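# Observations on the model geometry
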Amino acid sequence: NLPLFNRVTVIPGSEDGVSRPLGRTEQYFFNGLTSGESAQAFPNGNSGNAHLYYQALKGVPYMTKTYDASGGLLSSNSTSYKLTEKGINVGPKSVIKAHFARPVQISTENDGIKSTTSITYNTDTYQKSSETSSIVSGGTSANETQVFFKYWWEIYNTNRSKNILT
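Residues numbered from 1 in each chain as written. Predicted model: local features only at pLDDT ≥ 70, side-chain atom pairs only at ≥ 80, totals over all residues. Heavy atoms only, no water.

## Re the side chain of Ser76
Selection criterion: Helix and strand definitions follow DSSP, with helices as H or I runs of at least four residues and strands as E runs of at least two, each counted in order from the N terminus. Buried means the residue's accessible area, taken with a 1.4 Å probe over protein chains only, is under 20% of the maximum for its type, while exposed means over 50%, and partly exposed covers the values in between. When checking whether two residues touch, look at their non-hydrogen atoms; a contact exists if any pair is within 4.5 Å.
Looking at where Ser76 falls in the secondary structure, it is placed in strand β4 (residues 73-91). We classify Ser76 as buried; its relative accessible area is 19%. Apart from the residues lying within four places of it in its own chain, the contact partners of Ser76 are Thr64, Lys65, Ser107, Thr108 and Glu109.

Listed below in structure tokens is the structure:
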């Protein structure tokens with residue numbers, strides 16, 4: 001078995017691993033521990049359900065924090081995941097369960113400016129359907145962008161009976 005670490009700290013420029021002349025970066029990974037047992041709780045924004053499926057997400061990063069030499073937080077980035085399950089036919093009488101882990105919210109903070117991106121997916125195809133981003137500075141929403149995705153089959157082949165390659 002390979003060891004799975006929840007927190008990995010990188011200390012650039014340190015000769016002894018204790019001094020932090022250039023600050024440090026901490027990365028957090030799902031490793032089989034619950035949110036309460038982990039060094040940093042799992043983000044669960046926008047209907048994220050990683051707290052229920054943390055075993056299936058082993059090895060997936062969920063947070064990064066960067067600190068300066070004096071220990072002040074410079075930036076942070078966290079990702080909320082939603083794990084969904086879909087039955088896939090693999091034979092006349094055989095169905096397997098496939099699991100999809102998708103990021104549903106990405107939150108970033110750099111120099112006091114917060115940005116949140118929420119992502120939605122088509123429940124039938126699991127393709128990205130929309131993405132909404134907002135930037136907040138000083139408690140005021142400065143910018144909001146919304147992007148909607150439309151796929152070829154949604155316009156030209158709504159019942160998905162054709163293969164695009166034939």
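Now that the structure has been shown, we can carry on.
## Focus on the pattern of salt bridges
Selection rule: Within this document, salt bridges are pairs made up of a side-chain nitrogen of Lys or Arg and a carboxyl oxygen of Asp or Glu, the two lying within 4 Å of each other.
Within the structure shown, the criterion is met by three salt bridges. Close ionic contact of Glu26 with Arg24 constitutes a salt bridge, the shortest N to O distance being 3.1 Å. Under the relative-accessibility criterion, Arg24 is labelled buried at 14%. Between Lys128 and Glu131 there is a salt bridge, and its shortest N-O distance comes to 2.9 Å. For Lys128, a relative accessible area of 26% gives the class partly exposed. Among the residues examined, Glu131 registers a relative accessible area of 21% and is labelled partly exposed.

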